[in-house]
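An overview of the molecular structure
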Amino acid sequence: MFTLSQIVEKLGGQWRGDDVAIRAVAPAAKAQSHEITFLANPKYKQDVHDSAAGAIIVAEKNADLFPQRNLIVVADPYLYFAQVARLFYPIVAAKAGVHPTAVIEPSATVPASCEIGAHVYIGANAVLGERCRILANTVVEHDCVLGDETVLHPNVTIYHGCKLGKRVEIHSGSVIGADGFGLAFTGKDWFKIPQTGAVHLGDDVEVGANTTIDRGAMSDTVVGKGTKIDNLIQLAHNCQVGEHTVIAAMTGISGSTKIGSYCVIGGGVGTVGHIEIADKTHIGGGTNITHSVNESGQHIASIFPMLPYKEWARNAVHIKNLNEMHKRIKELEKQIAELNSEK
Amino acid sequence: MFTLSQIVEKLGGQWRGDDVAIRAVAPAAKAQSHEITFLANPKYKQDVHDSAAGAIIVAEKNADLFPQRNLIVVADPYLYFAQVARLFYPIVAAKAGVHPTAVIEPSATVPASCEIGAHVYIGANAVLGERCRILANTVVEHDCVLGDETVLHPNVTIYHGCKLGKRVEIHSGSVIGADGFGLAFTGKDWFKIPQTGAVHLGDDVEVGANTTIDRGAMSDTVVGKGTKIDNLIQLAHNCQVGEHTVIAAMTGISGSTKIGSYCVIGGGVGTVGHIEIADKTHIGGGTNITHSVNESGQHIASIFPMLPYKEWARNAVHIKNLNEMHKRIKELEKQIAELNSEK
Amino acid sequence: MFTLSQIVEKLGGQWRGDDVAIRAVAPAAKAQSHEITFLANPKYKQDVHDSAAGAIIVAEKNADLFPQRNLIVVADPYLYFAQVARLFYPIVAAKAGVHPTAVIEPSATVPASCEIGAHVYIGANAVLGERCRILANTVVEHDCVLGDETVLHPNVTIYHGCKLGKRVEIHSGSVIGADGFGLAFTGKDWFKIPQTGAVHLGDDVEVGANTTIDRGAMSDTVVGKGTKIDNLIQLAHNCQVGEHTVIAAMTGISGSTKIGSYCVIGGGVGTVGHIEIADKTHIGGGTNITHSVNESGQHIASIFPMLPYKEWARNAVHIKNLNEMHKRIKELEKQIAELNSEK
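Residues numbered from 1 in each chain as written. Chains lettered and ligands numbered in written order. Predicted model: local features only at pLDDT ≥ 70, side-chain atom pairs only at ≥ 80, totals over all residues. Heavy atoms only, no water.

You'll find chain A entered in an unreviewed UniProt entry as UDP-3-O-acylglucosamine N-acyltransferase, with Alysiella filiformis DSM 16848 given as the organism. Its UniProt record gives chain A the following Subunit (unreviewed entry) comment, quoted word for word: "Homotrimer." UniProt, in its Function (unreviewed entry) section for chain A, records the words "Catalyzes the N-acylation of UDP-3-O-acylglucosamine using 3-hydroxyacyl-ACP as the acyl donor. Is involved in the biosynthesis of lipid A, a phosphorylated glycolipid that anchors the lipopolysaccharide to the outer membrane of the cell." (UniProt positions renumbered as here; feature names shortened; annotations may be inferred.)

Below you can see the structure in the form of C-alpha cells.
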C-alpha cells in the first residue's frame with residue numbers, strides 16, 4: 001500500500017486531490033477505489049472518466065478533464081503506470097539455496113546467493129553470477145556463463161558455451177544455443193556443418209517462451225543489451241541484433257542477418273538471410289523482408305490485405321495477370337494517343 | 001473387440017449384414033477384415049468400395065452403394081468413426097500415485113487419485129483436482145488450480161496462479177502463463193510492464209505441443225470451455241477466446257484480442273491486437289487479420305496466391321504499380337469518353 | 001591440429017604452398033594464421049584475398065587468384081570446409097553410463113554403451129540402440145524404439161510408441177508424437193479423434209529445437225532418412241516426408257500432406273493438408289502452398305512484395321479492385337476497337 005504522496009516521492013510527478021492509499025493498479029473499467037488507473041490513449045477518456053478508480057495517472061494536458069479526481073500528473077502516463085505497477089509487484093528476489101534434487105557438476109561455480117530449483121542440471125565449468133534464479137527442470141550445459149541476477153524460468157535449455165549478461169530473463173521452453181541449420185549437399189545427402197560458435201545475450205535481454213536462438217557456425221550469434229524478444233521466435237545462426245530492439249512473437253530471422261538498435265519488429269515477420277536492417281526500422285506484423293533496409297527510421301509493412309473469401313477469390317486470381325494487365329494498359333494508351341493525334 | 005451389435009448398443013445407429021467382430025478402426029485403403037472403416041467424404045467412395053474392411057460406417061443415403069457389405073448406418077459417419085475409435089482407445093486413466101522423484105511442496109494439495117510422474121515439480125499452495133495426470137518432468141508453479149482429470153503431458157510448464165478447468169489436456173512443451181510482452185519506452189530503453197494477471201482455461205480445453213498462452217497484464221487471459229488449440233500457437237496477454245473455437249497450428253493472436261465462440265481459425269494466421277472476431281467466423285490459413293470481424297459467420301481468406309517463381313516475379317513487381325495502373329485506367333476512360341462525345 | 005597434407009590425406013583434394021599446421025576453420029574476415037578459410041561464393045573473393053588465414057580451400061578455377069597462398073584445391077570448397085570443420089569438432093561420443101537421478105522403467109532396454117543424463121525418464125518397454133545419448137531432463141515414453149547413436153538433447157519429449165532410426169538427432173524442446181489435431185463436430189462441441197498412429201523418423205534425420213511432429217490418426221507420420229528439419233516447425237498428423245529433404249524454420253505442413261525427396265523448403269512456409277509436393281521442389285520462404293505441386297523440380301515462391309508502409313497502403317488498397325480493373329480494361333479495349341473500326 002502506498003499513498004499518492006509516497007508514490008510521487010519514489011517516482012516523481014505531482015499529486016493533486018486527496019492523498020489516498022492505493023493497493024494496486026487496474027484498467028479503468030475494472031479499477032476500484034483502492035486502485036489507481038491511467039489515461040494514455042485518448043480514446044479511453046470516457047472509460048477513465050467513468051472509472052471507480054481511487055486515483056488517475058494523467059498527462060498535464062488532460063488533467064483538466066478530471067477536476068474532481070485524485071490525480072498524479074506526469075509526462076508519460078503509460079510509463080509511469082508501469083513503474084507504479086512495479087512498486088506493487090517488485091521483481092522476485094532469489095531465495096538463496098540449492099534444491100536437493102538439483103544436479104550441479106563439481107566444476108561449476110554457483111554462488112551461495114543463487115536460487116537453484118528442483119531437478120535443475122548445471123553442467124561442468126558453468127559459471128553463474130550472484131543471485132541468479134534457475135527454476136525447476138531447467139538445464140544449463142557445460143561452459144556457460146551467466147551474469148548476476150539472471151533468471152531462467154522452468155524447462156529452459158541453455159546449450160554449452162553460451163554467455164548471458166546480467167539481469168537476462170529467459171521464459172520457459174526457450175532454447176538458447178541449439179545447432180544452427182547449416183548443411184552442405186554432397187550430391188546424395190546433406191553433410192552437417194559443425195556449429196562451432198555460441199550465443200551471446202547482452203545485459204537486460206528478455207526472451208519469451210518457446211523461442212529458439214541458434215548458436216553460430218564459426219562465430220557467435222549475438223543479441224545486444226536491452227533487446228526484448230517475445231515468444232516462439234527463431235533467431236538463426238550468426239544473427240546480430242542490436243541494442244534495445246523489440247521483436248514480437250512468431251517472427252523468424254534467417255541466418256547471418258544483422259538487425260540494428262531500437263528497431264520495432266512486429267509479429268509473424270520473416271526475413272531472408274544475410275541482410276541488414278538499419279536502426280530504428282519499424283516492420284509491420286506479417287511482412288516478408290526480402291532485402292536489406294539501409295535507411296534508418298523507415299516503416300515497412302507489406303501483407304496481402306484481409307478480405308472476405310469470395311472477394312479474395314474474385315480478385316486474387318488477377319495477381320497472375322498483373323503483368324498482362326500492365327501491357328494492355330500501355331497498348332490502350334498508345335491507341336488512344338493515335339486516335340487523338342488523328343482528330 | 002466389439003461386434004457390430006455391441007457397437008450400436010453403445011453408440012446408436014443401425015447395423016446391417018453380419019454381426020462381425022471388430023478389433024480396430026482403419027482407413028479404407030489399409031483396413032483388414034477385423035477392422036471397420038467409414039465413408040464421410042464422397043471422393044473416397046471407390047476406396048471404400050475396394051476396401052477389405054470387415055464393416056463400413058456409412059450415411060443412409062450412401063448405404064445402397066455397398067449392398068453386399070456389413071454396415072453401420074448413422075447420421076454422421078465421421079463423428080461415429082471417432083466415437084468407435086474411442087471405444088478401442090479409451091482415455092487413459094490416472095495410475096494413482098506419486099513417483100518418488102517428484103517434488104511436491106508441502107502446502108500443495110494433491111489428491112491420492114492423481115498420477116504424478118518422475119521429476120515433476122508442484123509448487124506451494126497449488127491445488128489439483130481428482131484423477132489428474134501430471135507426467136514426467138512437468139512443472140506446476142505455486143498457486144495454480146487444476147480441475148479434475150486434467151492431463152499435463154511431459155515437459156509442460158504452468159506458471160504461478162493459473163487456473164485450469166476440468167478435463168483440460170496440455171501437450172508437451174507448452175507454456176501457460178509466461179509474462180506477456182508489455183513494454184513502455186523510457187526514451188532510452190524498455191521498462192517492463194508487470195504482468196500481474198494469470199491464465200484461465202475452461203473445462204475441456206485442449207492445448208497442443210509447444211504452444212504459449214501468456215498471462216494477462218492486469219486481468220487474465222481467458223480461453224472458454226471446449227476450445228481446442230493446436231501446436232506452436234501464440235495467445236498473447238489478455239486475449240479472450242470464446243467456447244468451442246478451434247485454432248490450427250502456428251497461429252498468433254496478438255494482445256487483448258477477443259475471439260468469439262465456434263470460430264474455426266486456420267493455421268499460420270496472424271492478428272493485430274485489440275480487435276474482435278465475431279462468433280462462427282472462419283479464417284483461412286495464412287491470413288493476416290488487420291481489423292475486427294463484426295458480423296458473425298463470415299469466411300475470411302486472404303493470402304498471396306501460390307505461383308511458380310518466374311510467374312510470381314513477373315507479376316508481383318506490379319503490386320507497387322497498382323495505384324498508378326488504377327489512375328491510368330481512369331485517364332483512359334476519360335479520354336475514350338471525350339472521343340466518343342466528339343463523334 | 002592438422003597439417004594441410006594430413007587434411008588432404010583424410011579428405012582428398014590437393015594441397016599447394018607450405019604444409020602449414022591448422023588448428024581451426026574460420027570465416028575469411030576473422031581467420032588468423034593458424035586457421036583455414038574457404039572461397040565458395042565469388043562475392044567474397046576480396047575478403048578471402050585480404051584474409052590473414054594460414055590456408056584457403058578453393059576450387060581449381062579460382063586457385064590462380066591466390067598465387068602466394070597456401071591452398072587446398074577441391075571440387076566443392078563449401079562441402080570440404082564443412083568436412084574440415086568436422087575434423088576439428090568430431091561428433092561427441094556417448095559417455096557410457098546412467099546418471100543416478102535418471103529414472104528408467106525396469107522393462108526398458110538401455111545398453112551399457114548409452115549415456116543417460118540427469119533427470120531423464122525412460123518409460124516401460126522402450127528399447128534404445130547402442131551408444132545413444134539421452135541428455136538431461138528428456139523424456140522417452142513407453143514403447144519407443146531408438147536406433148544406435150541417436151542423440152536427444154535436453155528437455156526433449158518422445159511420446160509413446162514412436163520409432164527413431166540410427167543417428168537421429170533431436171534438439172531441445174522438440175516434441176515427437178503428440179496427438180494430431182483431429183476433431184469431429186457434434187453440433188455443440190468437438191469430439192476428439194483418437195490419434196492411434198505414431199511417428200517414424202528414418203536414419204540420419206535431424207530435428208531442430210522446439211519443433212513438433214504429431215503422431216498419426218490411424219497410421220503413422222513418417223519422415224524419410226536423411227531429411228533435415230529446422231526449429232519451430234509443425235509436421236501435422238499423417239504427413240509423409242521423403243528422403244534428404246530440408247525444411248527451414250517456422251514452416252507448417254498440414255495433415256496428410258506428402259512431400260517428396262530432395263525438396264528444399266524455405267522458412268515460414270505453410271501448406272494446406274492432403275496435397276502432394278513432388279521430388280526436388282524448391283519452395284521460397286513465406287509461401288502459402290494451396291494445392292499440389294505435381295511436376296518435379298519446380299521453384300515456387302509467392303509472397304506479397306516488401307514495400308515501405310505508405311507505398312504499401314497506397315497500392316494494397318487496389319487488390320480488392322483487381323477484378324474491376326480487369327473488367328474496365330476489357331471495356332476500354334472494346335470501345336477502342338469500335339472507335340478504330342469507325343475511322
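What follows deals with the relation of the copies chain C and chain A. Of the transformation superimposing chain C on chain A, the axial component is 0.0 Å and the angular component is 120°, with the fit at an RMSD of 0.1 Å. Viewed as a symmetry operation, the transformation between the two copies matches a three-fold axis. (Least-squares fit on C-alpha atoms with pLDDT ≥ 70 in both.)

Throughout the structure, instances matching the rule amount to 24 aromatic pairs over all chains. A centroid spacing of 6.0 Å and a plane angle of 50° characterise the contact between phenylalanine 38 of chain B and tyrosine 78 of chain B, whose relative ring orientation is tilted. Of this pair, phenylalanine 38 of chain B sits in strand β5 (residues 35-38) while tyrosine 78 of chain B sits in helix α3 (residues 77-88), and the two are 40 residues apart along the sequence. Since its relative accessible area comes to 17%, phenylalanine 38 of chain B is described here as buried. What makes tyrosine 78 of chain B partly exposed here is its relative accessible area of 33%. Plain terms: the ring middles of phenylalanine 2 of chain C and phenylalanine 88 of chain C are 5.4 Å apart, the flat faces sit at 70° to each other, and that makes the pair edge-to-face. (Phe/Tyr/Trp six-rings, centres within 6.5 Å; stacked < 30°, edge-to-face > 60°. Helix = DSSP H or I, 4+ residues; strand = E, 2+ residues; numbered from the N terminus. Buried < 20%, exposed > 50% of the residue type's maximum accessible area, 1.4 Å probe, protein only.)

On to helix α1 (residues 4-11) of chain B. All names here are of chain B. Every buried residue of α1 is accounted for by Leu4, Ile7 and Val8. All buried residues of α1 fall inside an arc of 95° around its axis, so they share one side. Structural note: α1 exposes Glu9 and Lys10 on the side pointing more than 90 degrees away from its buried face. Count one or two residues on from α1 and you reach glycine 12, which has phi positive near 85°. (Arc of directions from axis to C-beta.)

Another aspect to go through is the interface of chain C and chain A. Residue-level contacts link 71 residues of chain C with 73 residues of chain A. For the pair chain C and chain A, the summed buried surface comes to about 5800 Å²; carbon and sulfur atoms form 66% of the total. When the area that chain C buries against chain A is broken down by residue, the three leading residues are Met306, Leu322 and Ile336 of chain C, summing to 12%. Viewed at the interface, chain A and chain C are joined by 3 salt bridges. Between glutamate 169 of chain C and lysine 192 of chain A there is a salt bridge, and its shortest N-O distance comes to 3.5 Å. Only α4 (77-88), β27 (228-229), β30 (246-247), α5 (309-316) and α6 (322-342) of chain C provide two or more residues apiece to the side of chain C that touches chain A. At 11 residues, the largest contribution of residues to the side of chain C that touches chain A is made by α6 of chain C. Of the residues belonging to the side of chain C that touches chain A, the class tally is 41 nonpolar, 19 polar and 11 charged. (Contact = heavy atoms within 4.5 Å. Buried area = accessible area lost by both parts, 1.4 Å probe. Salt bridge = Lys/Arg side-chain N within 4 Å of Asp/Glu carboxyl O. Nonpolar A, V, L, I, M, F, W, Y, C, P; charged D, E, K, R; others polar.)

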